[in-house]
Amino acid sequence: MTRAVRIDQPGGPEQLKIVDVEVGQPGPGEIRIRHHAVGLNYIDVYQRTGLYPFPMPLQLGMEGSGVVESVGEGVTHLRAGDRAAYAANPPGSYSEVRVMPARNVCKLPDDISFETGAAMMLKGLTAQYLLKKTRPVEGLQPGDFVLFHAAAGGVGLIACQWAKALGLQLIGTAGSDAKCALAKANGAAHVINYSTEDFAARVKEITGGQGVKVVYDSVGKDTWDKSLDCLRPFGLMASFGNASGPVPPFAPGMLGAKGSLYVTRQTLFTHIATRESNQAMADDLFEVVRSGQVKIHIEQRYRLEDVQQAHRDLEARKTTGCTILTL
Ligand SMILES: NC(=O)c1ccc[n+]([C@@H]2O[C@H](COP(=O)([O-])OP(=O)(O)OC[C@H]3O[C@@H](n4cnc5c(N)ncnc54)[C@H](OP(=O)(O)O)[C@@H]3O)[C@@H](O)[C@H]2O)c1
């Protein structure tokens, strides 16, 4: 038996319950892992509220690190005793021990701690595919401007540092002056407090009226319209989340009127659909973290049994950087 966090129906943080569940042996293509730490992500909120529907009951959590206890038939890249970390579907990382598909589980380098591993896989792999694989038709060159919303959050702080390492001028938005200062200290070239400032007007000012080549938007409903006004012709609107609510339907004709814009809605799980692509992205992430160019800031730690409070704080925009659940 193991302790895990489960919901029996979608709803608020009060639905998160600690339960004892049975853990069996790994089947073909699976591993059994004993977690040392678990990552908290905004996607966990969407799954808890039912915005992203799942069959119930649901054991939440898509990110974690720990030690492999046993491997099932056909698993060749991991062995019992390996240190490992992952971002993976299906959910279930809010637990001490679990059996899961091996495909998305990567060996964790010895010089990266379990806590860092648990904090960085889902958010770091997301920053990786956004900055390196989600690019405008005209490409991105050092010196180019990009706009990144929620820049002081989990994905955001990693993106600020990585964009700087790539030579990009990242304009970061955040909901308070303190969060803006944090994004700036982590490599954002410019910051905008979108709670008090008109971010589209400020982006025009910063870019000398030109606009940015890409907007990376995980806020969704509240930022969508103005974000389109921040793009230069042929610019790319890269939507990848809905912290303020889903983007409403729109008429494609307006993309022409605003400068022949491109729109994409990306999800990490397409990028890590194969073991090879997952490992290549993870290697890139490990390298940038080990080089010191990207530091993983774990700003909040909660015990697994305090998971309700962790969700409340995340939704109330009280957190910055990464958050982990400890066991
Ligand atoms: N598609 C993908 O592949 C993928 C993968 C990972 C993450 N994501 C998305 O990326 C975003 C960041 O994820 P994360 O886990 O690192 O979370 P996070 O950025 O640490 O937290 C979300 C942040 O969104 C901002 N926000 C703006 N309006 C909000 C509202 N109405 N309610 C709550 N927050 C609001 C807040 O920052 P301010 O106070 O500064 O506004 C908040 O701190 C999420 O939307 C997540 O779903 C997508």
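Note: the structure precedes this text.
Residues numbered from 1 in each chain as written. Predicted model: local features only at pLDDT ≥ 70, side-chain atom pairs only at ≥ 80, totals over all residues. Heavy atoms only, no water.

Peer 1: Describe the overall build of the chain, naming the residues involved and giving the relevant values.
Peer 2: Within the chain one finds ten helices and 16 strands. Computed over C-alpha atoms, the radius of gyration of the chain comes to 20 Å, within 12% of the 20 Å expected from 2.2 N^0.38 for 327 residues, which places it in the range of a compact globule. Judged by the C-alpha coordinates and their principal axes, the chain covers about 60 × 40 × 35 Å. The 327 residues of the chain split such that 57% are buried. Here the analysis covers contacts within the chain between residues at least 6 apart in sequence; of these, 70% occur between residues at least 24 apart. Summed over its atoms, the accessible surface of the chain is roughly 13,100 Å², and 51% of this surface lies on carbon and sulfur atoms. Charge centroids of the chain, computed over 34 positive and 33 negative side chains, lie 2 Å from each other. (Helix = DSSP H or I, 4+ residues; strand = E, 2+ residues; numbered from the N terminus. Rg over C-alpha atoms; globule rule 2.2 N^0.38 Å. Buried < 20%, exposed > 50% of the residue type's maximum accessible area, 1.4 Å probe, protein only. Contact = heavy atoms within 4.5 Å. Areas by Shrake-Rupley, 256 points an atom, 1.4 Å probe, with all protein chains shown as cover. Lys, Arg positive; Asp, Glu negative; His and termini not counted. Charge placed at Lys NZ, Arg CZ, Asp CG, Glu CD.)

Peer 1: Go over the environment of D306, please, and point to the residues and values.
Peer 2: One can find D306 in the loop between β15 (298–303) and α10 (307–315). Separated by 289 residues in sequence, D306 and K17 place their C-alpha atoms 10.0 Å apart.

Peer 1: Provide a residue-level description of the sheet that holds strand β1 (residues 2–7), including the pertinent values.
Peer 2: Strand order in the open sheet formed by three strands is β2-β1-β4, with antiparallel pairing between adjacent strands. Single-partner strands in this sheet number two, and they are β2 (17–21) and β4 (58–59). (Pairing = 2+ DSSP bridges.)

Peer 1: Describe the packing of aromatic side chains, and please don't skip the residues or the numbers.
Peer 2: Evaluated as defined, the whole model comprises five aromatic pairs. Taken together, a centroid distance of 5.2 Å and an interplanar angle of 40 degrees make the contact between W224 and F250 tilted. On the criterion of sequence distance, the pair formed by W224 in helix α6 (residues 224–228) and F250 in the loop between β13 (231–239) and α7 (253–257) is long-range, its members being 26 residues apart. In this structure W224 comes out as buried when scored by relative accessible area, which is 4%. A relative accessible area of 33% means that F250 is categorised as partly exposed. One aromatic cluster is present, built from ring pairs that chain together Y42, Y46 and Y52. (Phe/Tyr/Trp six-rings, centres within 6.5 Å; stacked < 30°, edge-to-face > 60°.)

Peer 1: Tell me about a nonpolar patch on the surface, and please be specific about residues and values.
Peer 2: Together, V137, F234 and Y262 make up an exposed nonpolar region whose accessible area comes to about 300 Å². Looking at where V137 falls in the secondary structure, it is placed in the loop between α2 (114–133) and β9 (145–148). Residue class for V137 comes out exposed when judged on its relative accessible area of 55%. (Patch = residues over 30% accessible without salt bridge, like charges linked within 9 Å, V, L, I, M, F, W, Y side chains within 5 Å. Salt bridge = Lys/Arg side-chain N within 4 Å of Asp/Glu carboxyl O.)

Peer 1: Would you mind going over helix α5 (residues 199–206) in detail, with residue names and values included?
Peer 2: Buried within α5 we find F199, A200, V203 and I206. Along the long axis of α5, the arc covered by the buried residues comes to 125 degrees, so they all point the same way. In this structure, the buried side of α5 is in contact with β9, β10 (169–174), β11 (190–193), β12 (212–217) and α6. Near the N-terminus of α5, the side chain that reaches the backbone nitrogen of A200, with its oxygen 3.1 Å away, is that of D198. Just beyond α5, the residue with positive phi is G208, at close to 60 degrees. (Arc of directions from axis to C-beta. Polar contact = N/O pair within 3.5 Å; in protein donor to acceptor, adjacent residues only side chain to side chain.)

Peer 1: Account for the site of the ligand, naming residues and giving values.
Peer 2: Lining the immediate surroundings of the ligand are 28 residues, of which Y46, K179, Y194, L268 and R317 lie closest. Interatomic distance of 2.8 Å between a backbone N/O atom of G175 and an oxygen atom of the ligand. A243 is positioned with one of its backbone polar atoms (N or O) 3.3 Å from a nitrogen atom of the ligand. When isolated, the ligand has an accessible area of 900 Å², and the protein chains bury 92% of it. Counting residues per element, the ones that place at least two in the shell around the ligand are α1 (42–49), α2, α3 (154–165) and α10. Per element, the largest residue contribution to the shell around the ligand is three residues, and it comes from α2. Residues that form the shell around the ligand fall into these classes: 13 nonpolar, eleven polar and four charged. Residue contributions to the shell around the ligand reach at least three from each of two domains, namely domain 1 (2–123 + 269–326) and domain 2 (135–265). (Near = heavy atom within 4 Å. Nonpolar A, V, L, I, M, F, W, Y, C, P; charged D, E, K, R; others polar. Domains from an automatic or database assignment.)

Peer 1: Describe the packing of α2 against helix α9 (residues 275–290), naming the residues involved and giving the relevant values.
Peer 2: Running from N to C, α2 and α9 cross one another at 100 degrees; their axes reach a closest spacing of 9 Å. Relative to α9, α2 is oriented roughly perpendicular. Packed against α2, whose contacting residues are M120, M121, G124, L125, Q128, Y129, K132 and K133, the element α9 presents N278, M281, A282, D284, L285, F286 and V289 at the interface. Here the residues of the contact of α2 with α9 sort into nine nonpolar, three polar and three charged. (Axes fitted to C-alpha atoms, helices over the stretch in contact; angles between N-to-C directions. Parallel < 35°, antiparallel > 145°, perpendicular 65-115°, else oblique.)

Peer 1: Could you give me a rundown of the side chain of Q128, with the residues and numbers involved?
Peer 2: Its place among the elements puts Q128 in helix α2. The contacts of Q128, once residues within four sequence positions are left out, are K133, W162, M281 and D284.

Peer 1: Please set out the nonpolar core residue by residue, giving values where relevant.
Peer 2: Ranked by size, the top nonpolar core spans 57 residues in total, and within it M121, L125, Y216 and I296 carry the most contacts. It is α2 that provides the largest number of residues to this core, a total of eleven residues. When residues of this core are assigned to domains, at least three fall in each of domain 1 (2–123 + 269–326) and domain 2 (135–265). Filtering out sequence-adjacent residues up to four positions away, Y216 remains in contact with L130, L131, T134, L140, V146, L147, F148, H149, A238 and F240. Core analysis: the next-biggest nonpolar cluster, separate from the first, contains 19 residues, F145, I171, A200 and I206 among them. (Core = buried A, V, L, I, M, F, W, Y, C linked by side-chain atoms within 4.5 Å.)

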